[in-house]
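Tertiary structure, described
If you want the building blocks of each chain, they are given just below.
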Amino acid sequence: MNNISRRALLAGGALAAGAAAGAAIASVGRRLGLVPPDAGGIYGPGETLSYAAHRLLGRNALALEFPRSMISARPFANAISPPTELFERHRAANFVNWRLEVQGLVAQPASLSLAELRAMPVHSQITEVTCEEGWSYIAEWTGTPLSGILSTMGMRSAARYVVYFSTDPEWWESIDLDEAMHPQTLVTWGMNGADLPVPFGGPLRMRVPRQLGYKSVKFVNRIVVTDSLEQFGSGTGQSVANDGYAWYAGA
Ligand SMILES: Nc1nc2c(c(=O)[nH]1)N[C@H]1C(S)=C(S)[C@@H](COP(=O)(O)O)O[C@H]1N2
Ligand SMILES: [Mo]
């Protein structure tokens, strides 16, 4: 073999090794849960960096909690799409027939009433809702930790994400297991000492206080534990209404 073809062979080998290493790094990143589902978008590299940094450094970090004196006197309820017929029927019945369906990778799928949720271990936190549009307010949220629901139903080992839906078909979101099992992530039915009012997502809202407001979906009626987000909507883990926002919305 002459020198040139030997060099070409070596270069080719190095390139192939480089590509293999790149693919290996991507696959390790995925395996360690450091690549968000929207990594392929135009903000992909930035989203991956932010998500990986949070997951490596701040897995157990707590959202800031406030003293009672800082609860907002006039919390701001953002506009929502008009309530669906299904929602209006539940409201007319005082939400007694409202259910949280728990489906997917759990040993025991369930359909939980509000009373059943309230009978489980309860947690309260005074945290801020921050909208990506620039406003925020502080309130006390009371609910059932999502971690308690998932543990009770027996999460399967393949589980990686929790997708949560509302009576509004336009608004659903998903979080990874770190967020789902985090003690501040609440399936919320109380606000400032009373039942959660409808404008704030009553009767049931997913409160994810470590992330921006749009992850805190109102009127939640179904959660699905899954190993992949590909089969939901466009595959990025959020409804089309939210597709322009980062899937991981941690501060
Ligand atoms: N079902 C549903 N949940 C939703 C929304 C919505 O339009 N529909 N808006 C989201 C957005 S963008 C924000 S910032 C917060 C606002 O919460 P607030 O109304 O309590 O201020 O709710 C989130 N949850
Ligand atoms: Mo928002």
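Everything discussed here concerns the structure shown above.
In this numbering scheme, every chain counts its residues from 1 along its sequence in written order. Each chain is given a letter, starting from A, and each ligand a number, starting from 1, according to the order in which they appear as written. Residues qualify for local features only when their pLDDT is at least 70, as the model is predicted, and side-chain atom pairs are given and counted only at 80 or more; totals for whole chains, interfaces and linings, by contrast, use all residues. Working from all heavy atoms in the structure, the side-chain values ignore hydrogens and water.

With that settled, consider the sheet that holds strand S2 (residues 110-113). The strand order across the open sheet formed by 5 strands is S2-S1-S10-S5-S6, and the pairing between neighbours is mixed. At either margin of the open sheet sits one strand with a lone partner, and together these are S2 and strand S6 (173-176). Across the sheet, the mean angle from the axis of one strand to that of its neighbour is 20°, orientation sign disregarded. Note: two strands are recorded as paired if DSSP finds a minimum of 2 bridges between them. Helix and strand definitions here come from DSSP, where helices need a minimum of 4 consecutive H or I residues and strands a minimum of 2 consecutive E residues; each element is numbered from the N-terminal end. To obtain each axis, a line is fitted to C-alpha atoms, and for helices this fit is confined to the stretch in contact; angles are then taken between N-to-C directions over 0 to 180 degrees.

Before going further, it helps to examine the pairing of S6. What you see with S6 is no split at all: Glu173 and Ile175 on one side and Ser174 and Asp176 on the other are buried throughout. Examined bridge by bridge, strand S5 (residues 161-166) and S6 share 4 bridges and lie antiparallel to one another. If you follow Tyr164 over to S6, its bridge partner there is Glu173. The antiparallel hairpin formed by S5 and S6 contains 6 residues in its connecting segment. Think of it in three bands: residues with accessible area under 20% of the maximum for their type are buried, residues over 50% are exposed, and the middle band is partly exposed, with areas taken using a 1.4 Å probe on protein chains only.

Position of Gln238 relative to the elements: it lies in the segment after strand S10 (220-226). Whenever two N or O atoms come within 3.5 Å, that pair is a polar contact, provided that in protein one can donate a hydrogen and the other can accept it, and provided that, for residues adjacent in sequence, both atoms are side-chain atoms. At a separation of 2.9 Å, a polar atom in the side chain of Gln238 contacts the side chain of Glu173. Whether two residues are in contact is decided by their heavy atoms: any pair within 4.5 Å suffices. Here Gln238 is in contact with Trp172, Glu173, Tyr214, Lys215, Asp243, Tyr245, Ala246 and Trp247, once residues within four sequence places are set aside.

All right, on to unusual backbone geometry then. Cis geometry marks the peptide bond from Gly202 to Pro203, where omega comes out at 10°. One non-glycine residue, Phe219, adopts positive backbone phi at about 60°. Within the fold, Phe219 resides in the loop between strand S9 (205-207) and S10. The exposure class assigned to Phe219 is buried, which follows from its relative accessible area of 7%.

On to the site of ligand 1. Summary of the distance rule: residues count as near a molecule or strand when at least one heavy atom falls within 4 Å of that molecule or strand. Close contacts around ligand 1 come from 20 residues, with Phe76, Asn78, Tyr137, Arg205 and Lys218 the closest. For ligand 1, an oxygen atom lies 2.5 Å from a polar atom in the side chain of Tyr137. Arg205 is positioned such that a nitrogen or oxygen atom in its side chain is 2.8 Å from an oxygen atom of ligand 1. Across the complex, the protein chains shield 98% of the 530 Å² of accessible surface that ligand 1 would expose by itself. Tallied by class, residues from the shell around ligand 1 come to 12 nonpolar, 4 polar and 4 charged. Values of accessible area rely on a 1.4 Å probe in the Shrake-Rupley scheme; residue burial ignores everything except the protein chains shown. Note that Gly is not counted as nonpolar here; it falls among the polar residues with everything else outside the nonpolar set of Ala, Val, Leu, Ile, Met, Phe, Trp, Tyr, Cys and Pro and the charged set of Asp, Glu, Lys and Arg.

A few words now on the packing of aromatic side chains. Only Phe, Tyr and Trp rings take part, Trp by its six-membered ring, and two of them pair if their centres are within 6.5 Å. Stacked means planes under 30 degrees apart, edge-to-face means over 60, and tilted covers everything else. For the structure shown, the criterion picks out 13 aromatic pairs. When the centroid spacing of 5.8 Å and the interplanar angle of 80° are considered together, the rings of Phe95 and Trp98 count as edge-to-face. Of the two residues examined, Phe95 and Trp98, each falls in the buried class. Ring pairing ties together the aromatic residues Tyr51, Tyr161, Trp247 and Tyr248, which thus form one cluster. Arg222 extends its terminal NZ or CZ atom over the ring of Phe165, reaching a point 4.2 Å from the ring centre. Charge-over-ring placement is defined geometrically: NZ (Lys) or CZ (Arg) within 6 Å of the ring centre, and within 35 degrees of the ring normal.

Everything listed here is a matter of geometry and, on its own, says nothing about what the molecule does.
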